[in-house]
Amino acid sequence: MTKPVPAPAAIAARNPFGHLIERLYGYDVFISYTRMDDEQSAYPLALQATLTQGSEKERRPPMRCFLDLRDLPHDDELRRAIEAKVRASRHVVFIAGPSAADHPWMCFEAEMARKHRRPMIVLDRGIDWVNSKGKLRELVDNVLAIPSAPGQAQPGTEVEKLSSTIGSFRVSKLRRRIWTGVVIALCAFLAAAVNWALVASRARDAAEKSRIAAEQALTKEALARQAEEKSRIRAEKEQHSSEQLVEKMQTDIRFSLLTLGRLDLMSNIHNAIQAYLAESTTPSEGKLSLKAVQEYEEGETFLELKNLAAAKAHFEKSMDYARQAGWSQKEGWHLRRYGWLLYRLSASEGDSTRPAVTSPAASAQPVAAVTPPPSSPTLSPHWAEALQVAERIVKEDPTSPVAQQLWSSVRLRQAALLPLDQRLGAIEKIAGGLKTALDATPKEQMMARADLVMSLATAQSKVITTLRELGRVGDAATLADNSATAVEALNMESSIWELELARALALAGDMHLCGNGFASARTRYNNSIVRLDNLLAMEPRNTAALNLLGYCLTQLIYNEERAGIPVSQVEPLKHRLQEVRIKTQSLFPANDILPSE
């Protein structure tokens, strides 16, 4: 059903200009009547025609009259339209016959006339207005009542009385038109004044531009020197931005080469950066920072290649450059880089806080076969400083994944100093803090969240390992399952997340294998293999995924043999393991030792 379209006058009355037009050019008379007294509307039509035509003989001016037969479309919203017409009229004339006393529309029109304070006149067509008791009488009250013969179809003497009562509107209309002309003239004058002001403003702007051009001509040499200085500063900023980009690219390239097992190619990159730095004669803060990062990256490379002596030497050089650049007093990215430098330096010195890596076969042996960590490990002298920096970063930026990762790494190494019965609670607190930070990190920071997922998975694996060392194999298996479920619930859709989920599932399989839960272990290993197959389908040269796939196949074969599965069913797994080994050797012939898990 379509919505009724408001009457034109009603639309115009909704704004000040429409209201002004109504007042100036509205109706002289609004004729209210009911067809119940005059079925053909003969008298109202005749009255409208007589008032509209006027009479020169009787000196009666023509009037504008509203009669609903001619001015209201049938699809208008009647009440709003009638109210608009009453508001636009000077007088309201009620043709009151016997049926008009309680007629709803005539009563509504009377209400609108009272609401908008319009003078009302009654043409008594047989209602006996003086003695009338209807609602219309109450609304109209005591007004001029002009008698009219009920059977007469044409207006008679009542027109003269009606005309004299309403009065001539010509004078007031003329005055309104004069005022309209005055307003239009004022608007035109205002427009001319605005135009003159714009012309003057443009002339003033042109004069100002001429003055500025003259001043620029007089100071051309000074401006040229200033432009040269700005170019120099801009070039330095661009150079600094390029150096920062080199830092980030260096890190990304090292990670990519580590994944491909070709860290030996990093030496060419380091040599190129060293050659660039050697050309710099001014030891600026930016150059010192770049030198610190370069030495740090080289130390990382040697650390991955298991050359601890070379890694330590580069880390110490990086520490010297970092202190000269003031990293330990800076905020943000430099402070986090400084903390990681301290952490890596302490790690490269070979302290005994790092848990021993067990072989696949040893991980499936009873708890008594696992060698406990040393009771009195020796820490690096840089350890305390690394702990202070990590705590400071987390305090200033609790939701930063990089800060949380550094803090968790330091705390995990610190927890390794504790006896087994105390270590469990300490590592559980670290895992809880990491989970809180992960929940508070925005989801769009995908790579940062991936780093945090790795830290959380590491902390949870420490708890699981500690439970196993304490002889609580069942608790370790339950926690391993929960850990894998938590990592899967993150649903990050990245290769790092896929790898961590596969690693968590493999760890859960190890725990069930330790408790002789062969069926449960088989399920976890198979799920991990499926995840790794999906990852390798997208990244066939992912070293970590291939390494973990070989480990899962090895553990699954061991599980099936202990469970008494027939040899014929185990043979396909052995063939698959052999294919993985051949593929790994063919892809990375120079990588004799794959990166550890």
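Before reading further, recall that the structure is shown in the block above.
Conventions adopted
Residue positions are counted from 1 within each chain, in the order its sequence is given. Local features in this predicted model are restricted to residues whose pLDDT is 70 or higher, and side-chain atom pairs enter the listing and the counts only when it is 80 or higher, whereas totals over whole chains, interfaces and linings include all residues. The side-chain figures draw on all heavy atoms in the structure; neither hydrogens nor water molecules are used. Partly exposed describes any residue whose relative accessible area lies between the buried limit of under 20% and the exposed limit of over 50%, with all areas from a 1.4 Å probe on protein chains only and scaled to the type maximum. Strands are runs of DSSP state E lasting at least two residues, helices are runs of H or I lasting at least four, and both sets are numbered from the N terminus onward. When DSSP finds two or more bridges between a pair of strands, those strands are recorded as paired. Orienting the strands away from the viewer, one traces the path from the first strand over the helix to the second; a clockwise path indicates a right-handed crossover. Patch members must show over 30% relative accessible area and no salt bridge, and they are joined within 9 Å when carrying like charges or within 5 Å when they are nonpolar side chains of Val, Leu, Ile, Met, Phe, Trp or Tyr. For accessible areas, the Shrake-Rupley method is used with a probe of radius 1.4 Å. Any residue's cover is judged against the shown protein chains and nothing else. The rule for a salt bridge is simple: a side-chain nitrogen of Lys or Arg has to be within 4 Å of a carboxyl oxygen of Asp or Glu. Only centres within 6.5 Å qualify two rings of Phe, Tyr or Trp (six-membered ring in Trp) as a pair; their planes then separate them into stacked at under 30 degrees, edge-to-face at over 60, and tilted for everything else. Lysine and arginine charges are scored as sitting over a ring when NZ or CZ, respectively, is within 6 Å of the ring centre and within 35 degrees of the ring normal. Throughout, a residue-residue contact means that at least one pair of heavy atoms, one from each residue, lies within 4.5 Å. In this description, a line fitted to the C-alpha atoms serves as the axis of each element, helices being fitted only across the stretch in contact, and the angle between N-to-C directions of two axes falls anywhere from 0 to 180 degrees. The reported arc concerns the directions from the helix axis to the C-beta atoms and nothing else.

### What about the pairing of strand β4 (residues 120-124)?
Then comes step 1: For β4, the buried fraction is high: five of the five residues fall into the buried class.
Then comes step 2: With five bridges connecting them, strand β3 (residues 89-96) and β4 associate as parallel partners. Within the sheet, the bridge partner assigned to Val93 lies in β4 and is Ile121.
Then comes step 3: Each parallel crossover has a hand, and for β3 linked through helix α6 (residues 104-115) to β4 it is right-handed.
Then comes step 4: Two elements, β4 and strand β5 (residues 144-147), share four bridges in a ladder whose sense is parallel. The residue of β5 that forms the bridge with Ile121 is Leu144.
Then comes step 5: As for the winding sense of the linkage, the β-α-β connection from β4 through helix α7 (residues 135-140) to β5 is right-handed.

### Notes on a nonpolar patch on the surface
Then comes step 1: There is a patch of nonpolar side chains on the surface, built from Ile178, Trp179, Val182 and Leu186 and spanning about 440 Å² of accessible area.
Then comes step 2: If you trace the backbone, Trp179 turns up in helix α9 (residues 170-218).

### Digging into the packing of aromatic side chains
Then comes step 1: Taken as a whole, this structure holds three aromatic pairs when the rule is applied.
Then comes step 2: A network of ring pairs unites the aromatic residues Tyr27, Phe30 and Phe66 as a single cluster.
Then comes step 3: Taking NZ or CZ as reference, Arg79 lies 5.4 Å from the ring centre of Trp105, over its face.
Then comes step 4: Positioned over the ring face of Tyr43 is Arg125, at 3.7 Å from the centre of the ring.

### Some thoughts on unusual backbone geometry
Then comes step 1: Here the phi dihedral of Asp141 falls at roughly 65 degrees; this positive angle occurs in a residue that is not glycine.
Then comes step 2: Unusually for a residue other than glycine, Asn516 sits at a positive phi of about 65 degrees.
Then comes step 3: With respect to the helices and strands, the residue Asn516 is situated in the loop between α21 (495-514) and α22 (518-538).
Then comes step 4: Residue Asn516 is classed as partly exposed on the basis of its relative accessible area of 43%.

### Re the sheet that holds strand β2 (residues 65-66)
Then comes step 1: As summarised here, the arrangement of the five strands in space is β2-β1-β3-β4-β5, forming an open sheet in which the pairing is parallel. Of all strands in the sheet, those with a lone pairing partner are β2 and β5, marking the two edges.
Then comes step 2: In the sheet, strand β1 (residues 27-32) pairs with β3 via five bridges, with the strands oriented parallel. Among the inter-strand pairings, Tyr27 is bridged to a residue of β3, identified as Ser89.
Then comes step 3: With respect to the sheet, helix α8 (residues 158-166) is in contact with β1, β3, β4 and β5, its orientation differing from that of β5 by roughly 160 degrees.

### Concerning α8
Then comes step 1: Taken residue by residue, α8 has Glu158, Val159, Leu162, Ser163 and Ile166 as its buried positions. For α8, the angular spread of buried residues about the axis comes to 130 degrees, placing them on one side. For α8, the exposed residues set more than 90 degrees away from the buried face come down to Glu160 and Ser164.
Then comes step 2: Close packing links the buried residues of α8 with β1, α3 (42-53), β3, β4 and β5.
Then comes step 3: Positive phi appears at Gly167, one or two residues downstream of α8, with a value of about 85 degrees.

### Examining the pattern of salt bridges
Then comes step 1: Evaluation of the coordinates by the stated rule reveals twelve salt bridges.
Then comes step 2: Glu83 is the salt-bridge partner of Lys115, the closest N and O atoms lying 3.0 Å from each other. Of the two residues, Lys115 is situated in helix α6 and Glu83 in helix α5 (residues 78-87); the sequence distance between them amounts to 32 residues.
Then comes step 3: On the basis of relative accessibility, which here comes to 19%, the residue Glu83 falls in the buried class.
Then comes step 4: If you follow the salt bridges from partner to partner, you end up with Glu208, Arg211 and Glu215 in one network.

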